[in-house]
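A structural walkthrough
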Amino acid sequence: MRRPNIVFILADDMGFWTLGSAGNRDAVTPNLDDMARNGCTAENFFCSSPVCSPARATLLTGRMPSMHGILDWILQGNMENEGEKPIEYLEEFKGYTDYLSEAGYVCGVSGKWHLGDSEKRQKGFSHWYVHQSGGGNYYDAPMIREGKRVREPGYVTELITQDAVRFLREREGKDEPFYLSVNFTAPHTPWIHNHPQKYLDLYRDCAFTSCPVEKRHPWQIDFSEFNYDRKEMLKGYFAATSALDLGVGEIREELRRLNLDRDTLILFSSDNGFNCGHHGIWGKGNGTSPFNMYDTSVKVPFIACMPGKIRPGIRLKGLYSAYDFFPTIMEIAGLAYKEKDLPGKSFAKAIFTGEEREINDCVVVYSEYGAVRMVRQREWKYIRRYPEGPDELYNLKTDPGEMLNMIDKAAPELIELLNKRLESWFSEYARPETDGRQANVTGAGQNKRHTAKGFEPGSFQMGYETLPVRQA
């Protein structure tokens, strides 16, 4: 039997709250909303790290950042420029696309790569249209096309869509299955003066009630965006989201035109979440110093659609993570893999049938960013900052908005239990030489790969000074 085609569409900095299908009345996202109505939505899907490169590496390899060694967004090693050598950060690990390629899939990527050495085709991809670094202006974007560095004068969201559609057309009439990553840079900043008027006009009269106006979080770091008007920033963020949504619609329409829609699984998610004023924060995990692990930073959308195969309207209630993605893709493709030390479990059955594994407080997910680690179950979220805090504890049943830190109020036995669970899990799925607790990750970018002895000085860009501890 022919293996299914797979299209994985990945947004950049999109929180779970962003889409109309998630209840956002501001968002104009008809195509993603239609995918959700006619497919499966995982309501509680979490990234492995609330920043792009580590999160993307986990999706691809199934390993946590403290195992694969990408602990911050990649600043250096993307290209060879002025003495800077490119770095293939994931050279020692196989991604699921390696396995797909070996099994006969034609694998393509259109858009953001941001995992190092952007000029080199990697991880089983034969089609390679990628951003030279990780992001930036939406016009005049630096890309790699057919192995050459180019500047793209058009709007990069539309260019990524066009390249993805071109890849699909080239598959018409071919026997081998295909896999396509469509990695948009949207809705990542910049938001001001970077988006076509037709998308901005969708939000001309929008009140943006989905984005709270809260007192600035005391840990918030300074961004140049703070000098701009709040509504103009939100118009840009939402306009970028609507442009991405239109691209999703064009990709789905092309699959229908080619009569490939019933043979193709479409998956949609984001690398990490984002705060547009939530908790008084603009940004993701590194929008604050120290890093934050609010659900708005670590929880992301996840939608799967395949007409005739996935029952419409499935809404999964369990907890799922980016490290579950690798085994899920492998099961969907019907492939075995050699790695026995991966933390994730496939939830392919749940996607296609709605039948979930046990949903209770014993099912947990984990996330990390440098020296900050999180364990989250349905009732409790515990955040540990090594070596000396400040730590956080939230009761998600009574305080789903994570407004009251109970670290000094909860029973010591509960904190001890959660800490033991956290320590035990990471001791199994982290390596000493790539352990984020020892790496001095600042949130300002990663410059080098680890060595056999760990990270050398200068591996991470100098960052922001720690601000005063926020009191509950």
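In this convention, every chain numbers its residues from 1, walking through the sequence in written order. The predicted origin of the model limits local features to residues at a pLDDT of at least 70 and limits the giving and counting of side-chain atom pairs to 80 or more, whereas totals for whole chains, interfaces and linings rest on all residues. Each side-chain value is derived from all of the structure's non-hydrogen atoms; neither hydrogens nor water enter the calculation.

By the naming in an unreviewed UniProt entry, the protein is Sulfatase-like hydrolase/transferase, taken from Hungatella hominis. UniProt positions are given in the numbering used here, feature names are shortened, and annotations may be inferred rather than shown by experiment. Recorded under Sequence similarities (unreviewed entry), the UniProt text for the protein is reproduced unchanged: "Belongs to the sulfatase family."

Tallying secondary structure elements over the protein gives 11 helices and 19 strands in all. In terms of overall size, the protein behaves like a compact globule, its C-alpha atoms giving a radius of gyration of 21 Å where 472 residues would be expected to give roughly 23 Å. Considering only C-alpha atoms, the protein reaches an extent of 65 × 55 × 50 Å along its principal axes. Classification of residues uses two cut-offs on accessible area relative to the type maximum, computed with a 1.4 Å probe and protein chains only: under 20% is buried, over 50% is exposed, and between them is partly exposed. For the protein, buried positions account for 62% of its 472 residues. To measure how exposed things are, a 1.4 Å probe is used in the Shrake-Rupley method; for residues, cover is taken only from the protein chains shown. If you sum the accessible surface of the protein, you get close to 18,900 Å²; carbon and sulfur atoms cover 49% of it. By the criteria applied, helices consist of DSSP H or I runs no shorter than four residues and strands consist of E runs no shorter than two, each listed in order from the N terminus. The atom set for the radius of gyration is the C-alpha atoms, and the globule formula is 2.2 Å times the number of residues raised to the power 0.38.

Here, a disulfide means two cysteine sulfur atoms that sit within 2.5 Å of each other. The tally for this structure, following the rule as stated, stands at 0 disulfides. Sulfur of C40: no disulfide; nearest cysteine sulfur belongs to C305 and is 10 Å away. Residue C40 is classed as buried on the basis of its relative accessible area, which comes to 0%. Distance from the sulfur of C47, which forms no disulfide, to the nearest cysteine sulfur (C52) is 11 Å.

Once that is clear, we can look at the packing of aromatic side chains. In this analysis, rings of Phe, Tyr and Trp, with Trp reduced to its six-membered ring, are considered paired at centre separations within 6.5 Å, and the interplanar angle assigns stacked below 30 degrees, edge-to-face beyond 60, and tilted for intermediate values. One pass over the structure, following the stated rule, counts 37 aromatic pairs. A ring pair is formed by Y294 and Y394, whose centres lie 6.3 Å apart and whose planes are at 45°; its orientation type is tilted. Residue Y294 is found in the loop between β11 (282-283) and α8 (295-298), and its partner Y394 is found in strand β19 (residues 392-395); the two are separated by 100 residues along the sequence. Each member of the pair, Y294 as well as Y394, carries the same accessibility label: buried. Counted as over-ring charges are cases with an Arg CZ or a Lys NZ within 6 Å of the ring centre that also lie within 35 degrees of the ring normal. Sitting above the plane of the F426 ring, R373 keeps its charged end 4.1 Å from the centroid. In this structure, R437 is placed above the aromatic ring of Y386, and the distance from its NZ or CZ to the ring centre is 5.1 Å.

This paragraph deals with the pairing of strand β6 (residues 139-145). At least two DSSP bridges between two strands are needed for those strands to be called paired. Bridge analysis of strand β5 (residues 125-131) against β6 gives 2 bridges, and the strand direction is antiparallel. The residue of β6 that forms the bridge with V130 is I144. As judged from the 6 bridges shared by β6 and strand β7 (residues 148-155), these two strands associate in the antiparallel manner. Pairing of Y139 across the sheet is with Y155, part of β7. Hairpin connection from β6 to β7: 2 residues lie between these consecutive antiparallel strands, with E146 at a positive phi of about 55°.

Note the cis peptide between A186 and P187, where omega equals 0°. For P187, the position within the fold is in the loop between β8 (178-183) and α6 (197-200). Here E402, not a glycine, exhibits a phi torsion of approximately 55°, which is positive. By secondary structure assignment, the location of E402 is in the loop between β19 and α11 (412-429).

This part covers the pattern of salt bridges. Whenever a carboxyl oxygen of Asp or Glu lies within 4 Å of a side-chain nitrogen of Lys or Arg, that contact is scored as a salt bridge. Scanning the entire structure with this criterion turns up 39 salt bridges. With its nearest N and O atoms 2.7 Å apart, the salt bridge here joins E402 to K381. You can see E402 sitting in the loop between β19 and α11 and its partner K381 sitting in strand β18 (residues 380-385), a full 21 residues away along the chain. The pair formed by E402 and K381 is uniform in burial state, with each residue classed as buried. When salt bridges with common partners are traced through the structure, they connect E368, R373, R384, E423, D435 and R437 into a single cluster.

This brings us to the packing of helix α1 (residues 30-37) against helix α7 (residues 230-257). Between α1 and α7, the least distance of the axes is 7 Å, while the angle of their chain directions is 55°. It follows from the interaxial angle that α1 and α7 lie oblique. Only L244, D245, L246, V248, G249 and R252 of α7 make contact with α1, whose side of the interface consists of P30, N31, L32, D34 and M35. A fitted line through C-alpha atoms serves as each axis, taken over the contacting stretch for helices, and the angle formed by two N-to-C directions is quoted from 0 to 180°. An angle counts as roughly parallel when it lies under 35 degrees, as roughly antiparallel when it exceeds 145, as roughly perpendicular when it falls between 65 and 115, and as oblique in every other case. In what follows, a contact means two residues having at least one pair of non-hydrogen atoms within 4.5 Å.

Before going further, it helps to examine the sheet that holds strand β17 (residues 372-376). Two pairing modes exist for strands in a sheet, parallel and antiparallel, and in both the strands are linked by backbone hydrogen bonds. Strand order in the open sheet made by the 4 strands is β16-β17-β18-β19, with antiparallel pairing throughout. The outermost strands of the open sheet, each flanked by one partner alone, are β16 (365-369) and β19. Each strand of the sheet is rotated relative to its neighbour by a mean of 10°, with strand direction disregarded. Bridge count for β18 against β19 is 4 bridges, and the pairing is antiparallel. The partner of Y382 across the bridge, within β19, is L393. Against the sheet, α11 touches β16, β17, β18 and β19, its axis set at about 65° to β18.

Take the sheet that holds strand β3 (residues 45-46) next. Pairing in this open sheet of 3 strands is mixed, and the strands run β12-β3-β15 from one edge to the other. The open sheet is flanked by β12 (299-300) and β15 (320-321), the only strands paired with a single partner. Sheet analysis places β3 next to β15, joined by 2 bridges and oriented parallel. If you follow F45 over to β15, its bridge partner there is Y320.

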